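# Observations on the three-dimensional arrangement
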Amino acid sequence: MYLFCDTVLIMTKPAKPVKFSRPESFEMALTELENIVVEMEAGKMPLEASLSAHKRGAELLQYCQSKLQDAQQQVRLLEADTLKNFSSPGIDDH
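Criteria and cut-off values
- Residues numbered from 1 in each chain as written.
- Predicted model: local features only at pLDDT ≥ 70, side-chain atom pairs only at ≥ 80, totals over all residues.
- Heavy atoms only, no water.
- Helix = DSSP H or I, 4+ residues; strand = E, 2+ residues; numbered from the N terminus.
- Buried < 20%, exposed > 50% of the residue type's maximum accessible area, 1.4 Å probe, protein only.
- Areas by Shrake-Rupley, 256 points an atom, 1.4 Å probe, with all protein chains shown as cover.
- Contact = heavy atoms within 4.5 Å.
- Core = buried A, V, L, I, M, F, W, Y, C linked by side-chain atoms within 4.5 Å.
- pLDDT = per-residue confidence, 0-100.
- Expected span 1.5 Å × (residues − 1).
- Arc of directions from axis to C-beta.

### Description of the overall build of the chain
Counting its secondary structure elements, the chain contains two helices and zero strands. Burial status across the chain gives 11% buried among its 94 residues. With the model as given, the accessible surface of the chain reaches about 8900 Å², and the carbon-plus-sulfur share is 60%.

### Observations concerning the side chain of arginine 56
Examined against the element boundaries, arginine 56 turns out to sit in helix H2 (residues 47-86). Residue class for arginine 56 comes out buried when judged on its relative accessible area of 7%. Filtering out sequence-adjacent residues up to four positions away, arginine 56 remains in contact with Phe20, Ser21, Pro23, Glu32 and Ile36.

### Section: the environment of serine 52
Among the structural elements, serine 52 can be located in helix H2. For serine 52 and phenylalanine 20, which are 32 residues apart along the polypeptide, the C-alpha to C-alpha distance reads 10.0 Å.

### Structural notes on the nonpolar core
With seven residues, the main nonpolar core is built from Ala29, Leu33, Ile36, Ala53, Leu60, Tyr63 and Cys64. At the level of secondary structure, the elements contributing two or more residues to this core comprise helix H1 (26-42) and H2. Of the residues forming this core, the biggest block, four residues, is contributed by H2. Cysteine 64 has contacts with Phe26, Ala29 and Leu30, leaving out every residue within four places of it along the chain.

### Considerations on the confidence of the model for the chain
One rule of thumb: low pLDDT means the predicted coordinates there are not for detailed reading. Of all residues in the chain, 68% attain a pLDDT of 70 or more, and the chain-wide mean is 80. This stretch, residues 1-14, has a pLDDT under 50; its non-local contacts, to residues over four places away or in other chains, come to zero contacts.

### Things to note about H1
Taking 1.5 Å per residue, 17 residues should reach 24 Å; H1 reaches 25 Å between its end C-alpha atoms and fits that length. Every buried residue of H1 is listed here: Ala29, Leu33 and Ile36. Axial view of H1: buried residues confined to an arc of 60 degrees, hence all on one face. Opposite its buried face, H1 presents the exposed residues Glu27, Val38 and Glu41, each directed more than 90 degrees away. Note on H1: the residue one or two positions beyond its end, glycine 43, has a positive phi of about 75 degrees.

Here's what the structure looks like:
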């Protein structure tokens, strides 16, 4: 006994890549990321919107992490320079 089933193949166009704008600042990126998290946690977003929000969130997270790493490096450099300035000879010689 053979069972035949009609199958319909639906061809769709690939989704166009979404271009997001670069955040103006760390604070604005963090605020936007927090808003995305709140919206996604509410669980009321359609699938496509959730996927887009997730992608944007990942980009914002990467941006924020990069900015924090840059700031940490600047602090290290400033601290290193400050420590050099305070360790001048003659201060502890008394």
